[in-house]
Amino acid sequence: SVGLGALQLAHPGLQHHPRCLLCDQEPETIRHLLLECPFARKAWHEVLAWLRIPAPIPNCEPSLMDWWKHAKENTPLILHKALKSVALLVPWMVWKPRNSCVLDNA
Ligand SMILES: [Zn+2]
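Residues numbered from 1 in each chain as written. Predicted model: local features only at pLDDT ≥ 70, side-chain atom pairs only at ≥ 80, totals over all residues. Heavy atoms only, no water.

A. Local environment of helix H5 (residues 80-104). With 25 residues, H5 extends 36 Å between its outermost C-alpha atoms, agreeing within 8% with the 36 Å of an ideal straight helix rising 1.5 Å per residue. Those residues of H5 not exposed but buried are Leu 83, Val 86, Ala 87, Val 90, Pro 91, Val 94, Trp 95, Arg 98 and Cys 101. (Helix = DSSP H or I, 4+ residues; strand = E, 2+ residues; numbered from the N terminus. Expected span 1.5 Å × (residues − 1). Buried < 20%, exposed > 50% of the residue type's maximum accessible area, 1.4 Å probe, protein only.)

B. The arrangement of the pattern of salt bridges in detail. Following the criterion strictly, the structure yields three salt bridges and no others. The shortest N-O distance in the salt bridge between Arg 98 and Glu 28 comes to 2.8 Å. In this pair, Arg 98 is assigned in helix H5 and Glu 28 in the loop between helix H1 (4-8) and helix H2 (30-36), connecting sequence segments 70 residues apart. In this pair, the class of Arg 98 matches that of Glu 28, namely buried. In this structure, the salt-bridge partner of Lys 42 is Glu 46, at a minimum N-O distance of 2.9 Å. With Lys 42 and Glu 46 both in helix H3 (residues 38-50) and four residues apart, the pair spans about one turn of that helix. You can call Lys 42 exposed: its relative accessible area is 52%. Residue classification places Glu 46 among the partly exposed residues on the basis of a relative accessible area of 42%. (Salt bridge = Lys/Arg side-chain N within 4 Å of Asp/Glu carboxyl O.)

C. Quick look at the coordination of the zinc ion. Donor atoms from the polypeptide that bind the zinc ion are Cys 20 (SG), Cys 23 (SG), His 32 (NE2) and Cys 37 (SG), placed at 2.1 to 2.4 Å. Geometry at the zinc ion is tetrahedral, judged from its four donor atoms and the angles of 102 to 113 degrees they form at the metal. Spacing between the donor residues of the zinc ion along their common chain follows C-x2-C-x8-H-x4-C. Residues Cys 23 and His 32 agree in their burial class; the two are buried. (Donors = N, O, S within 2.8 Å, 3.2 Å for Na, K, Ca; no water. Tetrahedral: all angles 85-135°; square planar, octahedral: opposite > 155°, others 65-115°.)

D. Spatial organisation of H3. A rise of 1.5 Å per residue sets the reference length of H3, with its 13 residues, at 18 Å; its end C-alpha atoms lie 18 Å apart and thus fit the reference within 8%. Of all the residues in H3, the buried ones are Ala 40, Ala 43, Trp 44, Val 47 and Leu 48. Axial view of H3: buried residues confined to an arc of 115 degrees, hence all on one face. Facing away from the buried side of H3, by more than 90 degrees, are the exposed residues Pro 38, Lys 42 and Trp 50. The inward-facing, buried residues of H3 abut H2, helix H4 (64-73) and H5. (Arc of directions from axis to C-beta. Contact = heavy atoms within 4.5 Å.)

Right, dumping it as structure tokens:
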């Protein structure tokens, strides 16, 4: 299936910051950044609502992949393609400002 590799987001070269650059509340981990950060949760909520996908936003899942499996089970087949777009778009929405924070020291 196309694009699922990107969901795994194993970034061996990632430099972790002591605190999340988006919310400044929690240690920065991939799990925090993509699933727990208030900024990410808002993005998940808004994109899912915008596309009218009834899947729940990430909550207690240990990884994005776990959320994906859970969300797919809770989403009608006709919306699976849209759900996959969400699963790629939201990490990008979160990752991009995070990286501009790092690169621009903003
Ligand atoms: Zn955060």
